[in-house]
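A structural walkthrough
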Amino acid sequence: MSKVKAAVCHEFGAPLKIEEIELRAPETGEVEVTIDAVAICHSDISFWEGGFGGSLPAVYGHEGAGRVTAVGNAVQGFEVGDNVAVTLIRACGHCNSCGGGKPTICETPYDGTKGPLTTTEGAPVFQGLATGAFAEKVVVDQSQIVKIPTDMAKDVASLLSCGVITGVGAAVNAAGIRPGQDVVVIGAGGVGLNAIQGARIAGARRIVAVDMNADKLEAAKEFGATDGVLASEGKPWSAVKKLLGRGADVVLVTVGVAAVYDMAPRYIGNGGKVIMVGMPHFGETAKYSPLIMADVGQGIVGSKMGDVVIKRDIPWMVDLYQQGRLKLDELISGRWSLEQINEAIADTKSGAARRNVIIFDHG
Ligand SMILES: [Zn+2]
Ligand SMILES: [Zn+2]
């Protein structure tokens with residue numbers, strides 16, 4: 001056991017408290033990672049608000065990067081000192097999904113109540129998103145980590161653990177965008193900008209960003225959007241169809257708002273598909289017309305974490321970053337200490353930020 005400083009949620013929606021908790025040593029197949037940087041994702045905020053359920057007290061945070069500082073038995077391919085990105089993608093490697101190359105939808109999900117965290121009095125602390133990276137150290141399964149180059153800054157590397165793989169992967173893996181296809185990305189936030197970069201990398205013809213905020217539409221162009229349409233103006237799907245000459249081949253919905261899902265099929269043309277990336281709160285539903293969608297061969301597909309295989313996909317994304325073809329530095333809008341986490345969350349929630357990153361000083 002070791003004592004670690006963490007941002008703990010005791011009540012949904014109430015400020016996180018910075019306090020010491022106990023982290024047990026890594027067991028079979030697990031590694032301990034000292035966290036150098038962790039980005040704040042909208043999923044952390046949804047959990048903190050109680051929108052996704054889960055027990056309390058809890059430690060959230062799942063978009064991390066750091067150094068391996070201990071390894072359990074039967075860990076292969078990692079040793080103390082390795083620089084790694086830490087993701088929430090915990091895959092058993094043996095179920096139907098893992099065997100089929102889709103570890104992001106592993107069928108034996110992790111039970112966070114049996115995690116490595118306890119209070120100093122010994123009561124269980126929920127390891128949010130199978131990671132609990134709003135803390136100085138984590139103990140995670142070896143399936144969740146990927147080596148990164150020693151010369152890559154950890155704040156930048158942390159982004160690869162969720163927002164970047166989710167957006168780029170949705171375009172490249174889930175949508176399987178081919179050169180020349182027309183793509184609409186709804187929401188030009190942290191994940192949306194990465195979906196736009198993914199569409200650019202995949203060779204899309206037109207990439208139309210749709211957002212409520214004109215400044216975000218301008219920023220989207222830096223990441224590869226060819227056009228921008230304000231979501232607040234009348235029927236944005238009509239403006240998109242005018243731009244493209246027809247409906248889009250792919251619409252990537254990157255915001256977790258059910259009302260946006262109601263509208264998403266209106267953007268696609270015959271044979272087009274909607275990729276569901278953003279996650280509305282539990283219990284919310286959306287409407288669509290099965291008649292129209294069946295009649296013109298359209299589809300709606302869910303994509304968890306960009307359908308990535310982290311040990312395949314994160315290394316090529318690192319390489320594209322190092323070549324200047326994947327933008328990461330530009331995604332960071334603020335750097336904060338763990339003590340400032342409630343301010344950083346408020347800033348993320350305001351919608352103005354791209355990614356806010358918590359930087360740890362291990363002094
Ligand atoms: Zn995330
Ligand atoms: Zn599995």
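The preceding data block contains the structure.
Residues numbered from 1 in each chain as written. Chains lettered and ligands numbered in written order. Predicted model: local features only at pLDDT ≥ 70, side-chain atom pairs only at ≥ 80, totals over all residues. Heavy atoms only, no water.

Description of the coordination of the zinc ion (ligand 1)
As a benchmark, a tetrahedral metal site with four donors has ideal angles of 109.5 degrees, while an octahedral site with six donors has ideal angles of 90 or 180 degrees. Distances from the zinc ion (ligand 1) to its protein donors, namely C41 (SG), H62 (NE2) and C162 (SG), fall within the range 2.0 to 2.3 Å. Going along the chain, you hit the donors of the zinc ion (ligand 1) in the pattern C-x20-H-x99-C. In this pair, C41 is assigned in the loop between β3 (30-39) and α1 (42-49) and C162 in the loop between α3 (154-159) and α4 (163-174), connecting sequence segments 121 residues apart. In terms of burial, C41 and C162 fall into one category: buried. (Donors = N, O, S within 2.8 Å, 3.2 Å for Na, K, Ca; no water. Helix = DSSP H or I, 4+ residues; strand = E, 2+ residues; numbered from the N terminus. Buried < 20%, exposed > 50% of the residue type's maximum accessible area, 1.4 Å probe, protein only.)

Observations regarding the sheet that holds strand β7 (residues 117-118)
Spatially, the 3 strands line up as an open sheet ordered β1-β2-β7, and their pairing is antiparallel. Bordering the open sheet on either side are β1 (2-8) and β7, each of which pairs with just one other strand. The sheet contact formed by β1 and strand β2 (residues 17-23) spans 7 bridges and is antiparallel. Bridged to S2 within β2 is L23. (Pairing = 2+ DSSP bridges.)

So, the coordination of the zinc ion (ligand 2)
For the zinc ion (ligand 2), every protein donor is listed as C92 (SG), C95 (SG), C98 (SG) and C106 (SG), and the spread of their distances is 2.3 to 2.4 Å. Taken together, the 4 donor atoms surrounding the zinc ion (ligand 2) define angles of 103 to 117° at the centre, an arrangement classified as tetrahedral. Each donor residue of the zinc ion (ligand 2) lies on the same chain, and together they follow the pattern C-x2-C-x2-C-x7-C. Residue C95 is found in the loop between β6 (83-86) and α2 (96-99), and its partner C106 is found in the loop between α2 and β7; the two are separated by 11 residues along the sequence. Of the residues examined, C95 reaches a relative accessible area of 12% and is grouped as buried. (Tetrahedral: all angles 85-135°; square planar, octahedral: opposite > 155°, others 65-115°.)

A word on the packing of α4 against helix α5 (residues 190-202)
Across the interface, α4 lies against α5 with an axial gap of 7 Å and an inter-helix angle of 40°. In terms of orientation, α4 lies oblique with respect to α5. The interaxial crossing formed by α4 with α5 has right-handed handedness. Residues G163, V164, T166, G167, V168, A171 and V172 of α4 touch α5, and the partners they reach there are V191, N194, A195, G198 and A199. Taken together, the residues that form the contact of α4 with α5 break down as 7 nonpolar, 5 polar and no charged. (Axes fitted to C-alpha atoms, helices over the stretch in contact; angles between N-to-C directions. Parallel < 35°, antiparallel > 145°, perpendicular 65-115°, else oblique. Left-handed = near helix turned anticlockwise from the far one by under 90°. Contact = heavy atoms within 4.5 Å. Nonpolar A, V, L, I, M, F, W, Y, C, P; charged D, E, K, R; others polar.)

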